[in-house]
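Listed below are the residues making up each chain.
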Amino acid sequence: GASAAACGLQHEAVEAAVAKRLTDAGFKVLRETDEDTYLYVNITSAHQPGGLCLSRYDAGFYSHTMATLAHQSTEVALLRKGGLLGGPAGEHGAGVLRGVLEYLDQFVGQIRAANR
C-alpha cells in the first residue's frame, strides 16, 4: 500500500528477495500454489508525518496436517518469528527486509539441523 511504499517497501522486491534467499539455500520456491507446507510473510507499515515509519513484520513456515490436534485441526506453525521496526523512511525498507531475511536464514538453519 501507500504507507509501505512511502517507507521504502515494495511487494515485488520483498517477494523477489525472499524467493532468492530460499532458492540460494536449496529450497524449491513455488508461487501461488496449494502445497501442504508454505512460507507466509506479512509486513504491515504505517508512515507518519515527518517521515517516520513503523512496521510489524512476521515470517512463518506453516503446514496443513491431516491429524486432529487438541488445539488446532488444520494448520500448524512449524517455525514463526515476528518483529517491529521504526525509523526514518529512507532507511526503513532495507531494515525491514534485512529482518525478514535474517528470520529465513534462521529457519533454513533449523530445517537443516532437523534433517541431519
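Report follows, based on the coordinates.

### Details of the nonpolar core
Among the nonpolar cores identified, the biggest contains 18 residues, and Val18, Leu22, Leu104 and Phe107 are the most heavily contacted of them. If you list the elements that add at least two residues to this core, you get helix H2 (11-24), strand S2 (52-64) and helix H3 (89-114). Element by element, the count of residues in this core is highest for H3, at seven residues. Here valine 18 is in contact with Leu39, Val100, Leu101 and Leu104, once residues within four sequence places are set aside.

### Brief notes about the pairing of strand S1 (residues 37-47)
Of the strand pairs in this sheet, S1 and S2 are connected by 11 bridges, and their pairing is antiparallel. Each bridged residue has a counterpart across the sheet, and for threonine 44 the counterpart in S2 is arginine 56. The hairpin turn running from S1 into S2, its antiparallel successor, is four residues long, and glycine 50 in that turn takes a positive phi close to 95 degrees.

### What to know about the environment of arginine 112
For arginine 112, the position within the fold is in helix H3. Taking relative accessible area as the criterion, arginine 112 reaches 44% and is therefore assigned partly exposed. Along the primary structure arginine 112 and alanine 25 are separated by 87 residues, whereas in three dimensions their C-alpha atoms are 9.9 Å apart.

Definitions and cut-offs
Residues numbered from 1 in each chain as written. Predicted model: local features only at pLDDT ≥ 70, side-chain atom pairs only at ≥ 80, totals over all residues. Heavy atoms only, no water. Core = buried A, V, L, I, M, F, W, Y, C linked by side-chain atoms within 4.5 Å. Buried < 20%, exposed > 50% of the residue type's maximum accessible area, 1.4 Å probe, protein only. Helix = DSSP H or I, 4+ residues; strand = E, 2+ residues; numbered from the N terminus. Contact = heavy atoms within 4.5 Å. Pairing = 2+ DSSP bridges.

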